[in-house]
Amino acid sequence: MILVLKQGISPAETDRLKEELRSEGHLVKEIKGVEETILGVVGTIRKDPRHFETLPGVAKAVPISKPYKLVSRELHPAPSIIRVGDVAIGGDRLVVIAGPCAVESRGRSLEIARAVKSCGAVLFRGGAFKPRTSPYSFQGLGEEGLKILAEVREETGMGVVTEMTSTSQADLMMKYVDVVQVGARNMQNFELLKCVGRIGKPVLLKRGLAATIEEWLMSAEYILSEGNDQVILCERGIRTFERYTRNTLDLTAVPVIHALTHLPIIIDPSHATGIREKVSPMARAAIAAGADGLTIEVHTEPDKALSDGPQSLYPEQFKQLMRDLYVIAPVVGKQLDFSYLEKAKKLKATSAPPGKRPRKVVYPGEPGSFSHKACMHFFGAETPHENRSSFRAVFEAVREGEAALGIIPVENSSTGSVHDNYDLLLEYDVRIVGEVTLRIEHNLIGRPGTPLADLRRIYSHPQVFQQCREFLEQHPDWDLVACQDTATAVGRVKANQDPEEAAIAGREAAALFGMTVLNQGIESNPRNFTRFVVISADEFLAGPNHKSSLIYSVSDQPGSLYETLKLFAERRINLVKLESRPLHGKPWEYLFYADLEADIQAPEHRELLEELRKRSEFLKVLGSYPKGLVTEN
Ligand code: PEP
Ligand code: MN
């Protein structure tokens, strides 16, 4: 039963209500939404919904239509994010778990862990208790294996995931691991489910060999009903008549699960296919389908693996897969972050003195804007963040030390540079320490059922109107009203309540304001990307840095620009951006914005930088930073 509480109910009244419901033998869960607070009431409910509506503080009682209650989206409309140390599963950043099928030895585990970490994995997997089909197969190292996992975490900083096969292992799990896996063969071992529910650690619940999605969600319900909300679902292939692959990967589960439950879903393409060559294609497909992450078996010498060698990727293959996922993720509104763990560590280190609140990061515009999304993509929703009313206010907050870092848009693939921010980069003594690129999909957003023919005024950012030119040309009678950012545009349409108005913005803004997408994907070019940079008053990530941004000017003489470009060409440094911009107050004189694929501040480029300084009238190195993609090792 879902009880929607009356607006303005006091916390004391809510507590009294919860107490009463609990005394009737129900399990009660409070969920605070933006607009309303609801209580999820589960257990054996014999009473009529009307009984609940008579209770003080209850506005409405709605039965949950599904057999699973706590895991259902009806009860909890927002997606759940499961935290494992610094890692958040179910947010904007993909989580890739990697490691061998089984922990085989200390040396091997550490070797694989170092390899997968350098490719961008954030959690390490490895079985210490292996549920094998044959009693004669390797059964795992038991506690010895768990100790090795703890050592891997100690050395690499990656949280560890391992399978629990019996309730008798509960204490060991508490002691050594970060995520407890319930294997496919145990998905309906109800005693085990209740036990992991009580352990309270995040649980990776694999889908049973022949389980329906509903049965799988009922198993998750067991864990939640014991008070443990931290469940990650894992599709790992199901039994079908097809024998070519070990199992049949049911990727349909991804959108189905996302519609039915708030819990995140990851995919295990290793057990799903059983064949090394099939793992990467299905991993790529899983991310394209919208999965929150992957768990992948990787081994440095699969031929010698004690279990599942034939489906284990070589580190080289894993690295290539991760590079592919880095490209695919933005298409579906996510990121693969190669500095995930390092960023978290750095953010903690840049925090205020002990006992004080961690320092925040800031973005321009309103929540729901693309800058907000970029902030979530780069830092994760778990990093304290705040908005500022303008680009300049972001620079101010960073310079004054009020925020540890800021994020600002600098360039769109269709409409070019955001000059205001280049001007501010010139003016303020801050440096660029990172970048993130977002796919920008625009939508026409208004009230449900509004016919396009009724619209007269459309609100958005001027650059957005340019990016949607082809669509807008079909409606020449619409007035285009400029707003500071896309979320502000949606907010105005909502506040005005005028059926002739709509806004153009991202899906997030529509969801945030409870508005409807009337027309999806109206940007002229679907390959529409905006690049954001992260600014800081200090250094951020340790590097290595692959990119540098500069602003410079040259004297008004023949060949002076060429002389600077020659310096890059001679050193085979790739110039990825070069743009000229008129100098304020000096007609026909120009500044050049340049992005290079090199760490121009590294010792090996000292001489280049000196030469460049000599040949330019003005030079400001805006910063050197990682490209976001792993290129080393
Ligand atoms: C495993 O992850 O190593 C494993 C045994 O998986 P499953 O339970 O999906 O077969
Ligand atoms: Mn395995």
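Just above, that's the structure.
Caption draft 1: Region of interest: the sheet that holds strand S23 (residues 501–505). Reading across from one edge, S22-S21-S23-S20-S24 is the order of the 5 strands in this open sheet, with mixed pairing throughout. The sheet is open, and its two borders are formed by strand S22 (479–482) and strand S24 (516–519), each paired with just one other strand. Neighbour-to-neighbour, the strand axes of the sheet open up by a mean angle of 35 degrees, direction not taken into account. Both strand S20 (residues 443–446) and S23 contribute to a ladder of 3 bridges, which runs antiparallel. Across the sheet, residue Ile445 finds its bridge partner in S23, namely Ala503. Helix H18 (residues 486–496) contacts S20, strand S21 (457–460), S22 and S23 of the sheet and is inclined by roughly 160 degrees relative to S23.

Caption draft 2: Examining the side chain of Glu501 more closely. Within the secondary structure, Glu501 is located in strand S23. A polar contact is formed between the side chain of Glu501 and the side chain of Tyr459, at a distance of 2.8 Å. Those residues in contact with Glu501 that sit more than four places away from it in its chain are Arg447, Leu455, Arg457, Tyr459, Val493 and Asn496.

Caption draft 3: Local environment of the site of ligand 1. Surrounding ligand 1, one finds Cys101, Arg125, Lys130, Glu163, Gln181, Gly183, Ala184, Arg185, Lys206, Arg236, His271 and Glu297. When ligand 1 is considered free in solution it has 290 Å² of accessible area, and contact with the protein chains removes 97% of it. In the shell around ligand 1, the residues fall into 2 nonpolar, 3 polar and 7 charged.

Caption draft 4: Fine view of empty space enclosed by the protein. Applying the stated criterion to the full structure yields 2 cavities of 30 Å³ or more. Empty space within the second largest cavity amounts to approximately 40 Å³. In terms of lining, the second largest cavity is formed by Val433, Glu539, Phe540, Leu541, Asn545, Ser624, Tyr625 and Pro626.

Caption draft 5: Molecular detail of the pairing of strand S9 (residues 159–163). Across the 5 residues that make up S9, a large majority, 5, are buried. In S9, alternate side chains face the same way, and those of Gly159, Val161 and Glu163 on one face and Val160 and Thr162 on the other are all buried. With 3 bridges joining them, strand S8 (residues 123–125) and S9 adopt parallel strand pairing. Residue Phe124 lies in a different strand from S9, and its bridge partner there is Val160. In this view, the connection linking S8 to its parallel neighbour S9 by way of helix H4 (residues 143–156) has right-handed handedness. This β-α-β element, S9 to helix H5 (residues 170–176) to strand S10 (residues 179–182), shows right-handed connectivity.

Caption draft 6: Broad picture of the nonpolar core. In terms of nonpolar packing, the biggest core is built from 96 residues, with Leu205, Leu233 and Phe318 touching the most fellow members. When residues in this core are grouped by element, the largest group, 6 residues, is from helix H7 (residues 213–225). Here this core spans two domains, since at least three of its residues come from each of domain 1 (2–62) and domain 2 (96–332). Not counting residues within four places of it along the chain, the set of residues in contact with Phe318 comprises Val96, Ala98, Val116, Cys119, Ala121, Ile296, Val298 and Leu313. If you look at the next biggest cluster of nonpolar residues, it comprises 21 residues, including Phe395, Leu424, Ile535 and Ile551.

Caption draft 7: View of the pattern of salt bridges. Under the definition given, this model contains 52 salt bridges. Arg114 serves as the salt-bridge partner of Glu155, at 2.9 Å between the closest nitrogen and oxygen. Taken together, the positions of Glu155 in helix H4 and Arg114 in helix H3 (residues 106–118) put the pair 41 residues apart, joining distant regions of the chain. Measuring nitrogen to oxygen at the nearest pair gives 3.3 Å for the salt bridge that ties Glu400 to Arg399.

Conventions and cut-offs
- Every residue gets a number counted from 1 within its own chain, in the order that chain's sequence is written.
- Chain A is the first chain written and ligand 1 is the first ligand written, with later ones labelled in order.
- Local features are withheld for residues below a pLDDT of 70 in this predicted model, meaning they are given only at 70 or higher, and side-chain atom pairs are given and counted only at 80 or more; totals for whole chains, interfaces and linings count all residues.
- To get the side-chain values, take all heavy atoms of the structure and skip hydrogens and water.
- A pair of strands is considered paired only if DSSP assigns at least 2 bridges between the two.
- To qualify as a helix, a DSSP run of H or I must reach at least 4 residues; to qualify as a strand, a run of E must reach at least 2; elements of each kind are numbered from the N terminus.
- Axis lines are fitted to C-alpha atoms, over the contacting stretch for helices. Their N-to-C directions set the angle, which ranges from 0 to 180 degrees.
- Throughout, a contact is declared for two residues whenever any of their heavy atoms are within 4.5 Å.
- Whenever a nitrogen or oxygen atom comes within 3.5 Å of another N or O atom, the pair is scored as a polar contact, on the condition that within protein one atom can donate a hydrogen and the other can accept it, and that pairs from neighbouring residues in sequence are kept only if both atoms are in side chains.
- Any residue with at least one heavy atom within 4 Å of a molecule or strand is counted as near it.
- Each accessible area is a Shrake-Rupley estimate made with a 1.4 Å probe; only the visible protein chains count as cover when residues are assessed.
- All residues other than Ala, Val, Leu, Ile, Met, Phe, Trp, Tyr, Cys, Pro, Asp, Glu, Lys and Arg, Gly among them, are scored as polar; the first ten of these are nonpolar and the last four charged.
- In the cavity and pocket records, a cavity denotes points on a 1 Å grid over the protein atoms alone where a 1.4 Å probe fits but cannot get out, a pocket denotes an open set with protein on both sides within 12 Å along at least 5 of 7 lines, and lining residues are residues with an atom within 4 Å of a point.
- Grid points are joined across faces, edges and corners, and a volume is the space filled by probe spheres set on the points.
- A simple rule labels every residue: compare its accessible area, found with a 1.4 Å probe on the protein chains alone, to the largest value its type can have, and call it buried under 20%, exposed over 50%, or partly exposed in between.
- Here is how to tell: hold the view so the strands point away, follow the path from the first strand over the helix to the second, and if it runs clockwise the crossover is right-handed.
- Nine residue types can take part in a nonpolar core, namely buried Ala, Val, Leu, Ile, Met, Phe, Trp, Tyr and Cys, and a core is a set of them joined through side-chain atoms within 4.5 Å.
- Domain segmentation is taken from an automatic or database assignment of domains.
- Take a side-chain nitrogen of Lys or Arg and a carboxyl oxygen of Asp or Glu: if they are within 4 Å of each other, that pair is a salt bridge.

Remember, this is a structural readout, not a statement about activity or role.
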